[in-house]
Structure formats: structure tokens, C-alpha cells
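Here's the letter readout for the chains.
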Amino acid sequence: MKGTVLYKWIVIITIFLTQFAFAETITVCISCNISSLKDAIALAQAGDTILVKKGTYKEYNIVVDKPLIIKGENYPVIDGEDQGEIIRIVSDNVTIDGLFIINVGTSYTSDHAAIRVVRSENFLIQNVVLEKLFFGIYIEKSNNGKIYHNKVIGDAQDEYNSGNGIQLWYSKNVVVERNIIQKVRDGIYLEFSDNITINENTSINNLRYGLHFMFSNDDLYTNNIFENNGAGVAVMFSKRIKMVNNTFRKNWGTAAFGLLLKEINDAEIRGNVFEENTVAIKVEGSNRIVYSNNNFIRNGYAIKVLGACYANTFEKNNFLYNSFDISYNSKINDNVFQHNYWSSYTGYDLDKDGLGDVPYRPVKLFSYIVNRTPETIILMRSLFIDIIDFSEKVSPVFTPDNLQDMTPKMKRY
Amino acid sequence: MLKILKYSFFDLIRSRWSYVYLLFYLLLGCVLLFLNNDLSKAVITLMNIIITLVPLIGTIFGVMYYYNSKEFTELLLAQPVKRSSIFIGQYLGVALSLSMSLIIGLGIPFALYGLFQSNEIWDFLLLLVTGAFLTLIFTALAFNIALYNENKIKGFSYAILLWLFMAVIYDGLFLMSLILLESYPLDTLSIGTTMFNPIDLSRILILLKLDISALLGYTGAVFQKFFGTGFGLVLSISVLSLWVILPVLNIYRKSRKKDF
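Rules used in this analysis
Residues numbered from 1 in each chain as written. Chains lettered and ligands numbered in written order. Predicted model: local features only at pLDDT ≥ 70, side-chain atom pairs only at ≥ 80, totals over all residues. Helix = DSSP H or I, 4+ residues; strand = E, 2+ residues; numbered from the N terminus. Buried ≥ 20, exposed ≤ 12 C-beta atoms within 10 Å, placed from the backbone. Contact = placed C-beta atoms within 7 Å. Domains from an automatic or database assignment. Pairing = 2+ DSSP bridges. Axes fitted to C-alpha atoms, helices over the stretch in contact; angles between N-to-C directions. Nonpolar A, V, L, I, M, F, W, Y, C, P; charged D, E, K, R; others polar. pLDDT = per-residue confidence, 0-100. Expected span 1.5 Å × (residues − 1). Bend = angle between axes of the 7 residues up to and from the residue. Parallel < 35°, antiparallel > 145°, perpendicular 65-115°, else oblique. Left-handed = near helix turned anticlockwise from the far one by under 90°.

Caption draft 1: A look at the overall build of chain B. Of the regular secondary structure elements, chain B holds 11 helices and zero strands. Going from the N terminus to the C terminus, chain B shows its helices and strands as α-α-α-α-α-α-α-α-α-α-α. Based on the C-alpha atoms only, the size of chain B along its principal axes is roughly 60 × 45 × 30 Å. Counting over 260 residues, chain B shows a buried share of 42%. By sequence separation, contacts in chain B at least 24 residues apart represent 80% of the contacts at least 6 residues apart.

The following block contains the structure:
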């Protein structure tokens, strides 16, 4: 046994040493022989490390065409001077680490990015700071990479002439973790990208969406914070997306929502916090989704259902102080509500099993009326509306009579 | 007139009911702030209360005061005093003391809570202004009802009916007309309809100032465009003033001709 362990160590050390023996470190600094990143890349062999010292490098259209580790020391500035794209990676196994990239050119015909990865595998982009950008990190048909701990700070003013923070297009198995993205169009945008993991990112103050899925399947996003975006997260035309423990906060405005689900099937929404959004979750044509253990706190609408949504389950959620708990526009209900806590529940629990004895009807008559005739919202908070809501609660006529929580919790989770 | 106003005012100030009313608002303000710990939420809840309760109290108090002080009024009428100044003086006495209770009762707890340092001060001021307007309007309407009806029971029923109509039934009719006419553009209709009811007008004025207005969506945006501008605000304040002036003018006209 001892022999095998020793043997393993020898192998590991040998591999390490051979790596080291071949890989060289090329240093780039303003006063060195090599004073530009482009020259360094031209000189470098595959597997080398390029160490960029502190300073300002005015360069753009840098093409990384061999496996390299480009590492910045004390955040050297790469200034693109608004000329166009800055770094393009076209080789496998490239690492970009610790650069400060500014002034990406704006173009309406090509999407200039600060860092673009094209048809490459195993990339790693970490500790990069991007400012004054058009597109931030653009991953194009590239798989098995990681985007870790970057900071993207845009200054987008209008949707039509701004780009996305991190964009993945036809890419698979990418991990996006611990990034901070502010003030761009879409914080993170996924199109035709499967098996993506999005973890612990912070996406705030973006013009459009904090996170946006299009035609992307089997993705997972957890522990992210989406705050004060035009709208929090939009998940469209995608299957089997898992959304766990995220925070959707203050997506407030006439057309804002925390989470939009459009044509989504078989998703799981668990343990998220929705706080102070105009609409916490807006659902359109989405089936077989499980909503569990979420907190809906002080939203305008907690859940707004438009169009055909079947076989969804809402269980063990907390609905706290929302103006409307559920808005529902159809008379047919095929969704299950169970074991939720509703702050506006007024029933009693005589058998002391923790569940109310009277079912709770989350759809108010007023929200039904507003769905039919949107102009009637102007009567919100009028005494008359309170009265008809009350009478509808006592004996439902208009709202679907099987849309009810038969087992409402008495205490919040 | 000023003398009568002063008399009515101090008479009411000394009466138990003004204190009860004042205490009620004091308590309400304190409890709301204590429970909510949040000025803007407290303003929303307060709005709900103000737009229903203030008109009710204004109407009932107005009618009650008129009938109660009838003997005194008749005594005054025997003196060489202008009729209109007697009634207008009494009206102003009631309306002003009620508004004062409202403003002081709500103002003290909110001011102590740190209203002046917060951004909610304008919303709160708007709330108080509309509250005062509603008091003036409904007291004037109540005086009108009382002037037209010698019979107390009848007067009271009309007063309650008036409140019920403005606070509840009107919105019901409004809602029904909106649903019936849903295939037509309804923006102008709904803006127009709110103008004809001071309670609705106050409700929307306050609602649009609070961040909850985002809930109103597209309709809210239309209203925001109308009421949010200086023109809209001036217009709605003048409509509210018209709601005060017209009934008061009617009190003036009726009291001159009325036979006692």
C-alpha cells in the first residue's frame, strides 16, 4: 500500500516538474523589453504564463491563439480607447486573471466585448474588472469554462445602445460564480446554453434583466442577488431550470417584475426570497413547475398567472403582506396550492394540527376584475372594493372555486 | 360672522366630542407608527382611514351640530345679525375645529416620529390637506342637508345616505360602468368620473404619490401623466375647492330665504 502512495506522489511531482520545465513566465511592463500584451503573446509558447505588471496598456484586438495564462499584477489597465474588441480567445485552456479592462468600443453591427471566447474549451476568466464597456464577457460556442469573481460595471443609459455583462451563446457546462454586475443591459444573458451553473452572483441596477435565459435547458442558478433591475430575471422558452435560494429585491416600476417565466416547463423554484417587487413572479404558459419554500414579502402581486399554466405545485411558501397574493385570469384551475402560509388568512385551527380548518382563497375578486378590465385598478383601496372582496371570500362566484389552499399553515415557516 | 365663528369654534373646542376625535387620531397615529415602524406604510394605512372616516365624521358632526344648536340659532336670528353670517359662521366653526383635530391629532405623533427628516413629508402634507378638504366638503354638504330638512331623523338618514353614496355606491357604479364599457378607451371617462367624487379624487391623489402607484400599471401611468403634472394637481385642488365653494354658496342662498 505504501508503495502505491509513494508511486502516486512521484507521478504527481514529475508531472508538476515537467509542466514547470516547459512553461516559462514572460513579464510585461511599461519599461520592460516587452511592453505590450500583443508582443508577449506572439513570443509565448503554448502553456506559458504572461505576467502583466501594473500600468496602462493601450491595446485592442488582442488575440490569444495558444493555451496561455495571462495574469495581471495589481490590476494593470488595458485601455481599448473605444476602438473595438479588446481580448479575443480562440484557443483552448486559456486563463485570464486579474486585469482591469476599460473603454470597449461600441458598434451596432458587431458586438464588441471586453473579453470574447470563441470556440474554445476549458477557459478560466477570473478576478477581472471591466468598466466602460459595451459587452463584458462574451462566450461564444465555447464549453467547459469558468467565469469566476469578476466585476462588471457598466454605464448603460439606453437599452438599444448597450450590451450585456456576461453573455453565453451556444455554450455548455460553464460555471458563472461570484461575479458582480451593475448597470449594463442584461446582467447575465444565456442563449442556447445548456448545463450552466450560476452561483452567488450579484446583479444590480441593470437596465433590462438581471439574468436572462433564452432557449437554454438544464441550468441551475443559486444564491444570487437580483436587485433594482428593470426586471429581475427572465426565463423564457427553457426547460428544467433550477432556481434555488436567490434573492429578488426591489424590482419596482410599472413594467417590472422579480421573475418572469414564459413557456417554461419542469422547473424548480425553491427557497427564494422575493421582496418588494411590483410583480414577484409573472407566469405565462408554464407547466409542471414546483414552487416551494419561497418567501414572498411585500410585493404588489406575489404571483401573477397569465395564460395557460397547468400542473404547477405551490407548497410551503410564505406569502407575507402582498397587495395581491395570486392573480389568476382563468376559471379553470389545475394547479395545487398546499401547506402555504398566507399572512392575510383569517381562519382558525380548532384541532391544533398547525393547519387552518377553513381553506384559504388566494385570488381576490378585485384581482379577477382587474385582469378583465385593467382600468378598474384605479379603484384600488376603495371601501367598495374591500366590501366586494369580503363577500367574494365568503361565497366565491367569480374566482375559480377550486383554487384554494385546503391546508393553510397557521404559522410562517 | 367672525364673532359667531369664534363662538362656535370655542364651543366645539370645549366640547367632549372634539377631544374624543382628537384623541382618536392621536392614538391612531401612535399605534400605526408603533406597529409599522415605517412612515410610508403608515401613510398608506392612514389614507385608507382618512378617505372613509373623515367624510363620515364630517357629515354626522355637521348634521348633529346644526340640529343641536337650533334653539341658539333661532335666538341669534332674533338679533340684528346677518343671516348668512350666522350659518356660515357656524359652518366654519364646525369644519375648522374638525380639521384642526385631524391635523393636530395626526401631526403630533408623526412629527415626534421624525417626519421632518424624512422624504414622506410631502405625502403626509398632501394627506392632511386632502383630509382637511374632505372635512370642509362633507360638513358643508351636511349643513345643506340639515337646512333643507326640519325633521331630524330624515336629515340624519340623508346625511348617512350621502356618505354611503360617495364612499361606497359611487365606486360600485363606477366599477360597473368600467366593466360595461370595457371595449372602449376608458382613460378620459375614468379621469372624469373621479373628478365628480371628492373621496375618489383624494384617494387617487394620494395613491399616485405613494410608491404603490407602480401597481396601477398602464392606467396608473395615464393617471400619473394627468395628476402628476402641476396642471393636474392645480386642477384637482381647484375641483376640491369647488366642492367646498358650491355647497357653501348654497348654504348662503338657502339661509337667506329659509323660513324659521
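Caption draft 2: Inspection of the overall build of chain A at higher detail. Along chain A, the regular secondary structure elements total four helices and 39 strands. By its C-alpha atoms, chain A is 85 × 60 × 30 Å across when sized along the principal axes. Look at the contacts in chain A between residues 6 or more apart in sequence, and 45% of them connect residues 24 or more apart.

Caption draft 3: Representation of the domain arrangement of chain A. The assigned domain composition of chain A is domain 1 (21–208) and domain 2 (230–413). Put simply, the middle of domain 1 of chain A and the middle of domain 2 of chain A, counted by C-alpha atoms, are 41 Å apart.

Caption draft 4: Spatial organisation of the sheet that holds strand E37 (residues 324–328) of chain A. Residue and element names in this part refer to chain A. Spatially, 12 strands are ordered E4-E7-E10-E13-E16-E19-E22-E25-E28-E31-E34-E37 in an open sheet, and the strand pairing comes out parallel. Lying at the two open borders of the sheet, with one neighbouring strand each, are strand E4 (62–64) and E37. Along the sheet, successive strands turn relative to each other by an average axial angle of 10 degrees, direction set aside. Here three bridges tie E4 to strand E7 (residues 87–89), and the two strands are oriented parallel to one another. Paired with Ile62 across the strands is Ile87, a residue of E7.

Caption draft 5: How the structure looks around the interface of chain B and chain A. Opposite the 26 residues of chain B that make contact, chain A presents 19 residues. Within the residue set of the side of chain B that touches chain A, elements represented by two or more residues are helix H3 (39–68), helix H7 (152–180), helix H9 (198–209) and helix H10 (217–227) of chain B. The leading source of residues in the side of chain B that touches chain A is H7(B), at eight residues. Within the side of chain B that touches chain A, the residues separate by chemical class into 15 nonpolar, seven polar and four charged.

Caption draft 6: Looking closely at the confidence of the model for chain B. When pLDDT is averaged across chain B, the result is 86; 97% of the residues are at 70 or more. Interface confidence in the predicted complex, given as ipTM, is 0.84; pTM for the same model is 0.82.

Caption draft 7: How the structure looks around H7(B). Taking 1.5 Å per residue, 29 residues should reach 42 Å; H7(B) reaches 39 Å between its end C-alpha atoms and fits that length. Maximum bend of H7(B): about 50 degrees, positioned at Phe165(B). Considered for burial, the residues of H7(B) that qualify are Gly155(B), Tyr158(B), Ala159(B), Trp163(B), Met166(B), Ala167(B), Asp171(B), Phe174(B), Leu175(B) and Leu178(B). Elements in contact with the buried residues of H7(B): helix H4 (383–394) of chain A together with H3, helix H6 (121–148), helix H8 (187–195) and H9 of chain B.

Caption draft 8: Up close: the packing of H6(B) against helix H11 (residues 230–257) of chain B. Residues and elements named next belong to chain B. Orientation of H6 relative to H11, taken along the N-to-C sense of each, is 25 degrees, at an axis distance of 9 Å. When the axes of H6 and H11 are compared, the pair comes out roughly parallel. Taken as a pair, H6 and H11 cross one another with a handedness that is left-handed. Counting all contacts with H6, which are made through Phe133, Leu136, Ile137, Ala140, Leu141, Phe143, Asn144 and Leu147, the residues of H11 involved are Leu240, Trp243, Val244, Pro247, Val248, Asn250, Ile251, Lys254 and Ser255. Looking at side-chain class alone, the contact of H6 with H11 contains 13 nonpolar, three polar and one charged residues.

Caption draft 9: Seen up close, the environment of Asn74(A). Residue and element names in this part refer to chain A. Mapped onto the elements, Asn74 comes out in the loop between strand E5 (69–72) and strand E6 (77–79). Residue Asn74 is classed as exposed on the basis of its 10 C-beta neighbours within 10 Å. The spacing of Asn74 and Thr376 is 302 residues in sequence and 59 Å in space, taken between C-alpha atoms.

Caption draft 10: Quick look at the pairing of strand E31 (residues 279–284) of chain A. All names here are of chain A. Burial analysis of E31 places five of its six residues in the buried class, which makes it a mostly covered element. Pairing between strand E28 (residues 259–262) and E31: four bridges, direction parallel. Looking at E31, one finds that Leu259 is bridged to Ile281. Examined bridge by bridge, E31 and strand E34 (residues 301–306) share five bridges and lie parallel to one another. Each residue of the ladder has a partner; that of Lys282, found in E34, is Lys304.

Caption draft 11: How the structure looks around the pairing of strand E13 (residues 135–140) of chain A. Residue and element names in this part refer to chain A. The element E13 is extensively covered by neighbouring structure, given that five of its six residues are classed as buried. Sheet topology note: the strand E10 (residues 113–118)/E13 ladder contains five bridges and is parallel. Pairing of Ala113 across the sheet is with Phe135, part of E13. Sheet topology note: the E13/strand E16 (residues 166–169) ladder contains four bridges and is parallel. Opposite Glu140, over in E16, you have Trp169 as the bridge partner.

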